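Coordinate analysis (summary)
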Amino acid sequence: MDAINKEKFGEFIARLRKEKGLTQQELADRLFLSNKAVSKWERGQSLPDIDLLTPLSDILGVSVAELLKGERLSGEAMDSGEVETLVSQALQLSGAEEEKKRGRTRKRWKTLWVRSLIVSLLEAGFLIWQGETWESLGSSVFLVQLLCLLFGLWTCFFIKETLPAYYDENKIDYYTDGVFRLHIAGLRLNNSNWPHIVHALRVWTVGMPVLFPVVYWLLRSWWNQSLALSLGTTLAACLGLFAPVVVVGKKYE
C-alpha cells in the first residue's frame, strides 16, 4: 500500500471542490475553518485533522478512503486492511504536522518571553532613573514583573501543550506540573479548552511585565496615584490573568 501522497490528495480536493462549485472560503466555512487551511491542503502542504475527514468527504461527495487515496475508486471496494492503513498513515502525518506546529509556536513564545524580559529590565531602569525608589517599585512594578516573568517562563518554555486523556474522561479543575499548580474551581480542564487556556496564560504573563510599568508611570505622573490605588493595580495585574483563563476555558469547555 503506497503512503498518502499529499500533493495528489491536494489536487483531488481542489478538483472535487471546483466540481461542487465551492470556493476555498465556502468549503472552509462549512468546516468552520479558515480558507488558509483549505489552501494548504490543496497545495499539498498539510492534511486535515483526522476528525475532519468524514465531514470533508460528505461535503465533497466521496468516501473517506477515496479522499485519502486521492482518486475515485470506480466502484471498487477497498478491503478493511487497506482502509486501516490509510487512516493510520493519515493519523501519523497529521500528528507529525501538529507536532511541528507546536514546536514553531513554542519557539515563538520563547522569543517573546526573552523580549519581554529585556524590555521589562529597561523599563525598571528607566523608572529608577526617573527617581522612583527601590522600595516603592519592589511592592508594585518589581513584584508584578517577577511573578509574571516567572510564571511566563513556565508557560512559554515548559508547559505541556496537551493534557493526558483522563482529563477528557473526568471532571478535573486543576493542573499540576512540578512546583506549578493551576486550580480554577468550576472550570473543567480538557483538551478542548486547554490550548486556549495556555494561549491566554502566555499572552498575560508576557504582556503584563511590559504593560504594567507603563500604567504605573502614568498613574504616578499624571494622577498622583495613591497607595491604595497602587496596591489595587498591583493585585489586579497579578491575579487578573484568571479572568481571561476562565473566559476562554468556559467558552471552549
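Rules of the game
- Residues numbered from 1 in each chain as written.
- Predicted model: local features only at pLDDT ≥ 70, side-chain atom pairs only at ≥ 80, totals over all residues.
- Heavy atoms only, no water.
- Helix = DSSP H or I, 4+ residues; strand = E, 2+ residues; numbered from the N terminus.
- Buried < 20%, exposed > 50% of the residue type's maximum accessible area, 1.4 Å probe, protein only.
- Contact = heavy atoms within 4.5 Å.
- Areas by Shrake-Rupley, 256 points an atom, 1.4 Å probe, with all protein chains shown as cover.
- Polar contact = N/O pair within 3.5 Å; in protein donor to acceptor, adjacent residues only side chain to side chain.
- Patch = residues over 30% accessible without salt bridge, like charges linked within 9 Å, V, L, I, M, F, W, Y side chains within 5 Å.
- Salt bridge = Lys/Arg side-chain N within 4 Å of Asp/Glu carboxyl O.
- Expected span 1.5 Å × (residues − 1).
- pLDDT = per-residue confidence, 0-100.

1. A word on the overall build of the protein
Secondary structure summary: the protein contains 12 helices and two strands in total. For the protein, the N- to C-terminal ordering of α and β elements is α-α-α-α-α-α-α-α-α-β-β-α-α-α. For the protein, the residues scored as buried account for 40% of the 253 residues in total. Residue pairs in contact within the protein that sit at least 24 positions apart in sequence constitute 66% of those at least 6 positions apart. For the protein, the accessible area works out to roughly 14500 Å², and carbon and sulfur atoms hold 59% of it.

2. Let's talk about the side chain of N193
For N193, the position within the fold is in the loop between β2 (180–183) and α10 (194–222). Among the polar contacts made by the side chain of N193, one reaches the main-chain amide nitrogen of N190 at a distance of 3.0 Å. Apart from residues lying up to four places away in sequence, N193 is in contact with L187, R188, V248, G249, Y252 and E253.

3. Brief notes about a nonpolar patch on the surface
A cluster of nonpolar side chains, contributed by L235, L239, F242 and V246, occupies part of the molecular surface with about 340 Å² of accessible area. Of all the elements in the fold, those that place two or more residues in the nonpolar patch are α11 (227–239) and α12 (242–251). Relative to the assigned elements, F242 resides in helix α12.

4. Re helix α1 (residues 6–19)
Counting along an α-helix, one turn takes 3.6 residues, and residues three or four places apart therefore face a common direction. Relative to the 20 Å expected for 14 residues at 1.5 Å per residue, α1 spans 20 Å between its end C-alpha atoms, a close match to the ideal helical length. Residues of α1 that are buried: F9, G10, F12, I13, A14, L16 and R17. Against α2 (24–30), α3 (35–42), α4 (53–60) and α5 (64–69) lie the buried residues of α1. Once α1 ends, the next one or two residues include G21, with phi positive near 70°.

5. Some thoughts on the confidence of the model for the protein
On average, residues of the protein score 81 in pLDDT, and 85% of them reach the 70 mark or higher. Per-element confidence in the protein ranges from a low mean pLDDT of 70 for α11 to a high of 91 for helix α8 (residues 141–158).

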